[in-house]
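Residues per chain, in single letters:
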Amino acid sequence: MLTRLFSILLAPVLLTGLCPVASAQTGHDWSHIDAYFEETDSATTPAAAVAVMWQGEWIHRAVDGMADIENAIPADAESGFNLASLTKHFTAYAIHSLEAEGHIELDASISSYLPELPDRGVTVRDLMVQISGLASPSARRLGVFAGGRREGLLDMYARLPQANEPGSFWAYNNNNYDLLSMIVERVSGWSLPEYLSETTFGPLGMTGTYFPYGPQYSRENRAFGYRQVDGGYRNLDTVDAVQSLVGAGGLYSSLSDMMTWSQVVLAGGGAMDGLRMEGLYSDGMPTSYGAGLNVSGEGHGTIFEHGGTSGATSTYVMYYPAARSVVIVLIASDIYHGRGGAERITHAIRDEMFERFTHERPLQDEPPRVTGPNAELAAQLVGQWFGEVNGRVQVADMEINEAGDLALRFFDGFQLNLQPVAEDSFVSPDVPWARVTLHEGQLLLWMQQKSLGQLAPVRANSALPVTRRHTGRFVSFLLGDAAWHIQVDGEDVLATSPSGRAYTLTRFTDGIYGNTQSNLALQMMEEGWMLGGGQLPDILFRKSTD
């Protein structure tokens, strides 16, 4: 548990220009927050850290565990944690900073700053809000593109058509933020690490915040990321790779620096106000995502939050400007991954703050009224469904659960129990943010206002004629004329990519084969095969005559 450092009520640390907190509030004891980290101890487990602010005062801060288990170095408030995707809102801040200086227009086409890309209507704002419609990063492994990582990224998007129209569909895509980092570089003349170091981290005194091999880089006092293996821990943070693109992740920061940053975010003003934006779809509806932060809440004010997760890190931050409140959770391991990680701990602390200080829970809008089971509709929906959800190929079984409600069970074991709230709309009692609607025979899945994807019913399989044109060597200009080798083997299709990686695709429905774990699908066409998958445009493979 987080008991070794700072597990006492701190003296008030107030934001500039904000009023002191009431003395009754400062009398609360928050040391029990450490119980959320019950599997962390001071001598044998990886590091974890937490800080909590309410009404501008840091009411609790704690750090425990080992920054470096191998060398018995304990973590402290200056230890650097891998922020993973928390990096995104720092990248977004850099864009807003350049916008405030008049160097970037958020609604300008990205081709204005990256002329290697054709103008397909994608704006800088679309990248930031994750509604660009660009193909997912997985497209890179499907072809052969020119140059290194950054040149290859530009070559790929110059070739590939849109997976979706800009502004029509929300999809989490790390490449959106890597392209933003390239725009920062083109406009400012500095790489993103250099720009943030010179304009932000340095002036704020955030000396423990850095990108690997960027300014202020150091492996000293690093909270190394560990994975549980055979009853012990394996350090996955032994080598820092040189990354030419870092907009989506890669930033390290300490609890102390994150507290400094959070105070500036809440104080607002200038480019910091840009972090409080929320994106809009092209039809004007909100996306519940903004400047590298999820956006939620109406009744008590808006909450801005985001997390970062990898095999050996789990981080989360919540900003609640209406109550001048912040929760920061940094975990340098996968210990808590199976229980929602840093996100679930953050939300538990948030809810407790509201119960203590306002005597109610935040964001508790009136739940939709469940209309009761519709046996006729349920019978129509039971069966197998196939499509794309959150950028991934998905196969799901619709079943009736023990309570008599519909349940959508995905291939990885995740189950979404559904209760009807209208003739064509369902909510989940277990996952409050989830919503499923029925539209023209397809299931549309939503996370708050984020359109995650859709599923279509799988029809009964029937044998389709396989001709010689469906077996052999296939190429597509869109993938750099890279050759795929495809053959049909009974109910399966065996496909080998240009890199030599082999995929076994199972028949989902007439002429459609897929692999959910590899996020890949092939559809039999007259001319050959149509390659698809999570957040990919349709890519036609024609049989090579070479």
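Residues numbered from 1 in each chain as written. Predicted model: local features only at pLDDT ≥ 70, side-chain atom pairs only at ≥ 80, totals over all residues. Heavy atoms only, no water.

Considering the sheet that holds strand S26 (residues 502-509)
Around the barrel, which closes on itself, the eight strands sit in the order S23-S24-S25-S26-S27-S28-S29-S30 with antiparallel pairing between neighbours. Pairs of neighbouring strands in the sheet enclose a mean axial angle of 30°, with direction left out of account. Two elements, strand S25 (residues 492-496) and S26, share five bridges in a ladder whose sense is antiparallel. By the bridge assignment, Ala495 is partnered in S26 with Tyr503. (Pairing = 2+ DSSP bridges. Helix = DSSP H or I, 4+ residues; strand = E, 2+ residues; numbered from the N terminus. Axes fitted to C-alpha atoms, helices over the stretch in contact; angles between N-to-C directions.)

Quick look at the packing of helix H4 (residues 149-159) against helix H5 (residues 174-188)
It is the contact of H4 with H5, at a shortest axis distance of 12 Å, that shows an interaxial angle of 110°. Relative to H5, the element H4 is oriented roughly perpendicular. Remark: the crossing between H4 and H5 carries left-handed chirality. Judged by residue contacts, Arg149, Arg150, Leu153, Leu154, Met156 and Tyr157 of H4 engage Asn175, Asp178, Leu179, Met182, Glu185 and Arg186 from H5. Here the contact of H4 with H5 is built from residues that sort into six nonpolar, one polar and five charged. (Parallel < 35°, antiparallel > 145°, perpendicular 65-115°, else oblique. Left-handed = near helix turned anticlockwise from the far one by under 90°. Contact = heavy atoms within 4.5 Å. Nonpolar A, V, L, I, M, F, W, Y, C, P; charged D, E, K, R; others polar.)

Notes on the nonpolar core
If you look at the biggest cluster of nonpolar residues, it comprises 119 residues, and the most contacted ones within it are Ile183, Trp261, Tyr319, Ile328 and Leu408. Every residue in contact with Ile183, bar those within four places of it in the chain, is listed here: Ile95, Ile104, Ile110, Tyr113, Leu114, Val124 and Leu127. Among the nonpolar cores identified, the runner-up in size contains 25 residues, and Trp30, Ala48, Met318 and Met353 belong to it. (Core = buried A, V, L, I, M, F, W, Y, C linked by side-chain atoms within 4.5 Å. Buried < 20%, exposed > 50% of the residue type's maximum accessible area, 1.4 Å probe, protein only.)

Re the sheet that holds strand S16 (residues 392-400)
The eight strands are arranged S15-S16-S17-S18-S19-S20-S21-S22 in a closed barrel whose pairing can be described as antiparallel. Here the strands of the sheet are splayed against their neighbours by 30° on average, with no regard to which way each runs. With five bridges joining them, strand S21 (residues 442-447) and strand S22 (residues 450-457) adopt antiparallel strand pairing. Along S22, the bridge assignment pairs Met447 with Lys450.

A look at helix H7 (residues 255-267)
At 3.6 residues per turn, the α-helix brings residues three or four places apart onto the same side. When the terminal C-alpha atoms of H7 are compared, their 18 Å separation across 13 residues agrees well with the 18 Å that a helix rising 1.5 Å per residue should span. Residues Leu255, Ser256, Asp257, Met258, Met259, Trp261, Ser262, Val265 and Leu266 constitute the buried set of H7. A positive phi of about 70° marks Gly268, the residue just after H7. (Expected span 1.5 Å × (residues − 1).)

A short note on the packing of aromatic side chains
Inspection of every chain in the model, using the stated rule, returns 16 aromatic pairs. Ring plane angle 5° and centroid distance 5.5 Å describe the contact between Tyr210 and Tyr252, whose orientation is recorded as stacked. Taken together, the residues span a long stretch of sequence, with Tyr210 in the loop between helix H6 (192-204) and strand S6 (226-229) and Tyr252 in strand S8 (residues 252-254) at a distance of 42 residues. With respect to burial, Tyr210 and Tyr252 carry one shared label: buried. Relative to Phe541, the ring of Trp484 has its centre 5.6 Å away and its plane inclined at 40°; by these criteria the two rings are tilted. Of this pair, Trp484 sits in strand S24 (residues 482-489) while Phe541 sits in strand S30 (residues 539-543), and the two are 57 residues apart along the sequence. Look at Phe541 and you get buried, because its relative accessible area is 0%. Members of the aromatic cluster, each reached through a chain of ring pairs, are Phe90, Tyr93, Phe201 and Trp261. In this structure, Lys450 packs its charged tip against the face of Trp170, placed 5.4 Å from the ring centre. (Phe/Tyr/Trp six-rings, centres within 6.5 Å; stacked < 30°, edge-to-face > 60°. Lys NZ or Arg CZ within 6 Å of the ring centre and 35° of its normal.)

Notes on the environment of Glu151
With respect to the helices and strands, Glu151 occurs in helix H4. Since its relative accessible area comes to 43%, Glu151 is described here as partly exposed. Along the primary structure Glu151 and Glu116 are separated by 35 residues, whereas in three dimensions their C-alpha atoms are 9.5 Å apart.

Remarks on the pattern of salt bridges
Taken as a whole and judged by the stated rule, the model has 13 salt bridges. Here Arg150 ties to Glu185 by a salt bridge, and the two come within 3.1 Å at their closest N and O atoms. Here Arg150 is found in helix H4, whereas its partner Glu185 is found in helix H5, with 35 residues between them in sequence. For Glu185, a relative accessible area of 29% gives the class partly exposed. (Salt bridge = Lys/Arg side-chain N within 4 Å of Asp/Glu carboxyl O.)

Notes on the pairing of strand S20 (residues 434-439)
Where strand S19 (residues 425-427) meets S20, three bridges bridge the pair, whose relative direction is antiparallel. In the sheet register, Phe426 faces S20, and the bridge partner there is Val436. From the end of S19 to the start of S20, which pair antiparallel, there are six residues. Looking at chain direction, S20 and S21 are connected through six bridges and run antiparallel. When the sheet's bridge partners are listed, Leu438 is paired in S21 with Leu443. Two successive antiparallel strands, S20 and S21, enclose a turn made up of two residues, where Glu440 displays a positive phi of approximately 50°.

Structural measurements only, silent on function.
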